[in-house]
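Below are the chains, spelled out letter by letter.
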Amino acid sequence: MNHPLTSAAMARGTAFLGSETAILCGAMSWVSERNLVSAISNAGGFGVIACGAMTPALLDAEIAATRALATRPFGVNLITMHPQLMELIAVCAKHGVGHVVLAGGLPPKGSIEAIKDMGAKVVCFAPALTLAKKFIRSGVDALVIEGMEAGGHIGPVATSVLAQEILPEVAHEVPVFVAGGIGRGSAIAAYLEMGAAGVQLGTRFVCAHESIAHPAFKKAFLRGNARDAVASVQVDPRLPVIPVRALKNKGTEEFTAKQREVAALLDAGGIDMAEAQLQIEHFWAGALRRAVIDGDVENGSLMAGQSVGMVTREESAAEIIATLMDETEAALARSSAVAA
C-alpha cells in the first residue's frame, strides 16, 4: 500500500534518518541486537542497537554483525553514565555509525563534540522543555521526547503532555521523535500532526519473529495489559533511582530489596553515590538478561511499556511496520477529509 500522506508527514524524519519510514525502534537492552535491529532497518524502519552495559569490544562485534545483516542504516544507543562512554563513541566512529543516541542523563563534557567530530548525528532524550533547549544549544541534531508510559527507564510526565509542551517550542529547530505508549498508527498520526518528525516504539517490536527474546518473555507480553506494566518504587530519597516500568512479578519486589541493600551500603560509607547508581544499573542489566535471554519471567525484569496490551501476536518486523503505516495513513486521510 502507498502511504502518500504519511510519507509527506514523515519527510523530515526520514531525511534525517536515511530510512523509508520515520519509525525508530527504541533501544531495549538484550532485545535490540543484531537480529531485530537489522530486520527493522531492512523493513524500512530505523533500528537502534542497545549498547547498555556492553564493553567496547562487545559493541564492536555487535555493530559488525549488524552491518553484515542490515542493508539499510541503523543507529547505536549509548548510556551516558557508562564508565567507558568515550571508548564506545570511538568504536562507533571506527564503524562509521551515522546516528548515535545518548540516553540516561546529561551527556558528559566532550561526548556530543566527539560524536559530531566523527561525522555522526547526535540524538538526545529531552524529558523537559528546558533540557530540550539546552541540548539544541549544545549542537544536538535531533531529540526524542519519551513519556512515562514507555517501558524501561522513565520520567514523570506523560507523552501527550511532553508533546504539547515541547513540540510547538522546538520542532521547527530540530527533528523531534515522540515515544512512550505508542501502539497504533492513529497515535503516530496525531503526533505527526502536532509537529513530530517521527516516532519511537519499543514494546510493539518485542514479539517480532526476529526478536531473540525468550518465548516465555514473549508469552508474558502477549498476556500482559496496560495495568500490568507498573513503575518501580523509589525506596530511599537519597538514591536518585530512575523509575523503571515493567510487568509486575517477583523481580519487581527484588528490586525494592536491592535498593535497601544499596542504601545501607551508602549509610555505612561503603560506596559513593556514583557507585550506588552503577550497582542499580547492573541490577537492571542482570535482571533483564534473566528474563529476556534465560526466560526467567518470575525473577527477571519484564520491562514493558503500557502499550503492551496492543501486542497481541507474534509477527515479523515488516508486518508490524506495514500495519503501523497503514493505520497512520488511514488516520491522516480521515483528518484531511474532515479539514476539507
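Structural data are supplied above this passage.
All figures in this text were calculated on a predicted structure; none of them were measured in a lab.

## Remarks on the overall build of the protein chain
Counting its secondary structure elements, the protein chain contains 13 helices and 11 strands. For 340 residues, the compact-globule estimate of 2.2 N^0.38 gives 20 Å, and the protein chain sits close to it at 19 Å. Reported as C-alpha extents along the three principal axes, the dimensions of the protein chain are approximately 65 × 45 × 40 Å. With 340 residues in all, the protein chain has 51% of them scored as buried. Excluding contacts between residues fewer than 6 apart, the proportion of contacts in the protein chain whose partners are at least 24 apart in sequence is 64%.

## What to know about unusual backbone geometry
Phi angles above zero are rare outside glycine, and W30 is one such case at about 75°. Given a relative accessible area of 34%, W30 falls into the partly exposed group.

## With respect to the pattern of salt bridges
Per the counting criterion, the structure on display carries 11 salt bridges. For K94, the salt bridge identified is with D60, shortest N-O distance 3.0 Å. Here D60 lies in helix α4 (residues 56-69) and K94 lies in helix α5 (residues 85-94), a separation of 34 residues in the sequence. On the basis of relative accessible area, D60 is assigned to the partly exposed category, the value being 21%. Ionic pairing is found between D141 and K116, a salt bridge with its closest N-O pair at 3.0 Å. In this pair, D141 is assigned in the loop between α7 (129-137) and β6 (142-146) and K116 in helix α6 (residues 111-117), connecting sequence segments 25 residues apart. The exposure class assigned to D141 is buried, which follows from its relative accessible area of 17%.

## Section: the nonpolar core
By size, the foremost hydrophobic cluster in this structure holds 107 residues, and its most contacted members are L59, L78 and L143. Dropping the residues within four chain positions of it, L59 is found in contact with I49, C51, M54, V76, L78, L88, V91 and C92.

## Thoughts on the pairing of strand β4 (residues 99-103)
With 5 of 5 residues buried, β4 is to be regarded as a mostly interior element. The alternating pattern of β4 places H99, V101 and A103 on one face and V100 and L102 on the opposite face, and all of these are buried. In this structure, strand β3 (residues 75-79) lies alongside β4, joined through 4 bridges in parallel fashion. Considered in β4, the bridge of L78 is made with L102. Where the polypeptide runs from β3 across α5 and back to β4, its parallel neighbour, the crossover connection is right-handed. Bridging between β4 and strand β5 (residues 121-125) involves 4 bridges; their strand directions are parallel. Its bridge partner being in β5, V101 is matched across the sheet by V123.

## Topic: the sheet that holds strand β2 (residues 48-50)
The strand order across the open sheet formed by 8 strands is β1-β9-β8-β6-β5-β4-β3-β2, and the pairing between neighbours is parallel. Each of the sheet's edge strands pairs with one partner strand only, and the pair in question is β1 (23-25) and β2. In this sheet, neighbouring strand axes are inclined to one another by 25° on average, regardless of whether the strands run parallel or antiparallel. Where β2 and β3 come together, 3 bridges link them in parallel fashion. The residue of β3 that forms the bridge with I49 is V76. Against the sheet, α5 makes contact with β3 and β4, and its axis sits at roughly 175° relative to β3, the strand it touches most.

About the thresholds
- Residues numbered from 1 in each chain as written.
- Predicted model: local features only at pLDDT ≥ 70, side-chain atom pairs only at ≥ 80, totals over all residues.
- Heavy atoms only, no water.
- Helix = DSSP H or I, 4+ residues; strand = E, 2+ residues; numbered from the N terminus.
- Rg over C-alpha atoms; globule rule 2.2 N^0.38 Å.
- Buried < 20%, exposed > 50% of the residue type's maximum accessible area, 1.4 Å probe, protein only.
- Contact = heavy atoms within 4.5 Å.
- Salt bridge = Lys/Arg side-chain N within 4 Å of Asp/Glu carboxyl O.
- Core = buried A, V, L, I, M, F, W, Y, C linked by side-chain atoms within 4.5 Å.
- Pairing = 2+ DSSP bridges.
- Right-handed = clockwise from strand over helix to strand, strands pointing away.
- Axes fitted to C-alpha atoms, helices over the stretch in contact; angles between N-to-C directions.

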